[in-house]
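Coordinate analysis (summary)
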Amino acid sequence: MKIVRKLALSACVAAMFATAAHADAIKVGSAGGVTGPIAELVATIIKGRDLARDQINAAGGLLNGDTLEMVVGDSACDPKASVDAVGKLVNVEQVVGIVGPSCSGATNAAVQAVTIPAGVVVLSDSATAPSVTELKDNDTVFRVAPSDAYQGLAIAKLISKAGIKKVAMTYSNDDYNAGIAAVFEREFKAMGGEVTANQAHEPKKASYRSELQTLTAGGPEAIAIFAYYGSSGITIIKNSLENGLFDKFFAADGMFDQSVIDQIGADNLKGKISITQASSDTGDASYQAFAEAFKATGADPAAPYAAHGYDATFMMALAIEKAGSADRAKIKDALRAISNGNGEVVRPGEWAKAKQLIADGKDINYEGASGSADFDANGDVSGVFAVNVVGDDGKWAKELLK
């Protein structure tokens, strides 16, 4: 009897060890500007990523019960810091893929120095510069946020529809802001508009009064600002209003944050500023599924790129599941396969459904909270844009751009 009990106990212990050894953590990098000029924005993006991770792990995890682990790396929206952070994720943490980084310059630097040579897939949720499209990346760099080639056009249309014919523009000299500024200038001129002055500026200056004074030459009716709110954008608007230089402002999503209203004042900005933003169709079933779950965590589903952060994480996990292993080399093909428009629709939160469909050998088509994530040949998506203005409640009010 004792021998039987010992054998049974040994078998039980062996089974426990076998299960523990089999259910491993699969690491995915969560790279972003945790510090730097858009740290508040990035904090909510990471919450979106973490929601996807938590839903996946609660609904069976990856592959044979493995846990999805998101390993955070602070790219600081700085090229050098990004190379260091992503290098650690890839070479030390041995992640199988990267979600992020946040900013375009940080993304370009990290993928060229680290991930492309290593064959690691990067899926950014907020790097939008057109230069990302042009990378020689061996099909390893993707993004769920639309390129600023689309947003630059959206801003040009917005200003043109407002009846403004002459505009000055200023941009921070980095990949994201310089890229979108160039697209905007080209598109606005093609629509018959005139750019009276175009000037690069350095971030983090105490004052931009002299630059703004120069930009008033030629009689512009408004100024287009391409900058991050935390590094120069807020100061430029303050200087403009305080000195009576400009009182009509247009900007891209690097300027979208509640701190712009809080620091300048809703009464000072109402009717004077419009900010475009990569957005979501809030009436869509996929967005609503995400929004309900995200609100339950205490976070704002309308926050910039929060839905994109969720989608990028969910899609990276779907690619791992589709690949059937945590093999870096197999993930890029699987990423296209789960979102190419073919197969049964899978929406945010439907991890168990997706897992079963993949196990049954069926095709799936992920329809995301941020929109249909169908990649083109360059790994880009077309996306949806909204315009934000100051509402009666002193908060941003949003409507989709048509």
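Computed from a predicted structure; not experimentally measured.

Rules and cut-offs
Residues numbered from 1 in each chain as written. Predicted model: local features only at pLDDT ≥ 70, side-chain atom pairs only at ≥ 80, totals over all residues. Heavy atoms only, no water. Salt bridge = Lys/Arg side-chain N within 4 Å of Asp/Glu carboxyl O. Helix = DSSP H or I, 4+ residues; strand = E, 2+ residues; numbered from the N terminus. Buried < 20%, exposed > 50% of the residue type's maximum accessible area, 1.4 Å probe, protein only. Pairing = 2+ DSSP bridges. Axes fitted to C-alpha atoms, helices over the stretch in contact; angles between N-to-C directions. Contact = heavy atoms within 4.5 Å. pLDDT = per-residue confidence, 0-100.

1. Examining the pattern of salt bridges
In this structure the tally under the stated criterion is 15 salt bridges. The shortest N-O distance in the salt bridge between D50 and R53 comes to 3.5 Å. On the criterion of helical spacing, the pair formed by D50 and R53 is a turn pair, its members being three residues apart in helix α2 (residues 39-58). The residue E350 makes a salt bridge to K353 at a minimum N-O spacing of 3.7 Å. Assessed through its relative accessible area of 27%, E350 is described here as partly exposed. Look at the salt bridges and you will find they share partners, linking D50, R53 and D54 into a network.

2. Description of the sheet that holds strand β1 (residues 25-32)
If you walk across this open sheet you meet the five strands as β2-β1-β3-β4-β5, and the pairing is parallel. The outermost strands of the open sheet, each flanked by one partner alone, are β2 (67-74) and β5 (141-143). Neighbour-to-neighbour, the strand axes of the sheet open up by a mean angle of 25°, direction not taken into account. In this structure, β1 lies alongside β2, joined through eight bridges in parallel fashion. Paired with K27 across the two strands is E69, which belongs to β2. Of the strands in this sheet, β1, β2 and β3 (97-99) touch helix α3 (residues 79-91), which is tilted by about 155° from β2.

3. What about the confidence of the model for the protein chain?
In low-pLDDT regions, the fine details of the predicted coordinates are not to be read closely. The pLDDT averaged across the protein chain works out to 92; a share of 94% of its residues lies at or above 70. Note that residues 1-22 has pLDDT below 50 and, in this model, two contacts with residues that lie over four places away or in other chains.

4. Quick word on unusual backbone geometry
Residues G100 and P101 are joined by a peptide bond in cis, for which omega reads -10°. Relative to the helices and strands, P101 is located in the loop between β3 and α4 (104-118). A positive phi angle, close to 60°, is found at Q94, a residue other than glycine. For Q94, the location among the structural elements is in the loop between α3 and β3. The phi dihedral of K204 is positive, around 65°, even though this residue is not glycine. As for its placement among the helices and strands, K204 is situated in the loop between β7 (194-201) and α7 (209-215). The exposed category is assigned to K204, whose relative accessible area is 70%.

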